[in-house]
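Structural description and commentary
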Amino acid sequence: MTQKVIFLDVDGTLVDYKNHLPQSAVKAVQRARANGHLVYICTGRSHAEIQPELWNMGLDGMIGGNGSYVEHQGTVLMHQVISEEDSRAIVDWLHERGLEFYLESNNGLFASEHFKEAARPVMRAYALTKGAKETQIKNMEAEDVLHGLVYGGNLYRKDLNKVSFILKSYQDHLDSKEAFPKLKAGTWGGRGETALFGDLGLANIDKAHAIDVLLGYLGKDKSHTIAFGDAKVDIPMLDYCAVGIAMGNGGPEILAMADLVTADVEDDGLYKAFERLGLVD
């Protein structure tokens, strides 16, 4: 079989919404790589958020920050960060509005002063929208979902890929678009694209552009690419790649445009799709 280049979103695709990595997903990745295919994670997470078990299963590299960072086998091919001026302005704006946030960098997730308390009900709501049961989230803390959180760190930084903040209302997101017109403003928060968080990142950056950069470095054609995702932010990636697969737990927009819809992440959806595509034979 021709070597494929496979791109996996992380949250809701490779791991479930409790940040659990199914053993079937590990088996899928390891068997595909043993068959000569290349496997990369392609995620909104920054490098610091990738838990060791993901690297330990074997990966060829990662695309992070929804496309601002590209790494192949330890070599950094691209890393674009928010300017120091814009980073300071975002922190000041969020403080002025009383919004709790965390700053996403490859060196860690740097949380605002009261993020831990403010995030507790929000992260539990996030888990519920993604299918968790009340009993499973009773004692959930933000750090159970957000790997690499740092409390008490310097909030004026020059290494930021992205900033996420807790929405008090959807208007906070709309106002962030107006306040920072040169940046890309989005929302995230669960199944069906629930808006629990707003985020700000670099404009003209997406997962598809980062894949194009990586393929150029590898000398590979996009006709050999396969992408997996579950959210709106994954749509450019699925659209760009030759085959785009949506997880069964995905939002309605990605389910509608995907070439193939597999089972839920918690129902071994990744392995079932790898099997169907002949990647693990």
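The chain appears in an unreviewed UniProt entry as Cof-like hydrolase family protein from Streptococcus criceti HS-6.

Bringing the environment of Lys220 into the picture now. Of note, Lys220 is situated in the loop between helix H8 (207–218) and strand S12 (225–229). For Lys220, a relative accessible area of 33% puts it in the partly exposed group. Once the C-alpha coordinates of Lys220 and Val5 are considered, the two residues, 215 residues apart in sequence, prove to be 8.3 Å apart. Setting aside chain neighbours within four positions, we find Lys220 in contact with Gln3, Val5, Leu38 and Leu215.

With that out of the way, let us pick up the side chain of Ser176. Turning to its location among the elements, Ser176 is positioned in helix H7 (residues 170–179). If we ignore the near neighbours within four places in the chain, the residues touching Ser176 are Trp93, Phe165, Ala185 and Leu200.

On to the pairing of strand S13 (residues 243–246). Successive residues of a regular strand alternate their side chains across the two faces of the sheet. Examined bridge by bridge, S12 and S13 share four bridges and lie parallel to one another. From the neighbouring strand, Ile226 faces S13, where its bridge partner is Val243. Handedness of the crossover is the feature at issue here: the chain leaves S12, passes through helix H9 (residues 235–240), returns alongside S13, and the resulting connection is right-handed. Sheet topology places S13 next to strand S14 (residues 260–261); two bridges connect them, and they run parallel. Directly across from Ala246, in S14, lies its bridge partner Val261. Between the parallel pair S13 and S14, the chain is carried across by helix H10 (residues 252–257), and the sense of this crossover is right-handed.

The rules behind these values
- Residues numbered from 1 in each chain as written.
- Predicted model: local features only at pLDDT ≥ 70, side-chain atom pairs only at ≥ 80, totals over all residues.
- Heavy atoms only, no water.
- Helix = DSSP H or I, 4+ residues; strand = E, 2+ residues; numbered from the N terminus.
- Buried < 20%, exposed > 50% of the residue type's maximum accessible area, 1.4 Å probe, protein only.
- Contact = heavy atoms within 4.5 Å.
- Pairing = 2+ DSSP bridges.
- Right-handed = clockwise from strand over helix to strand, strands pointing away.

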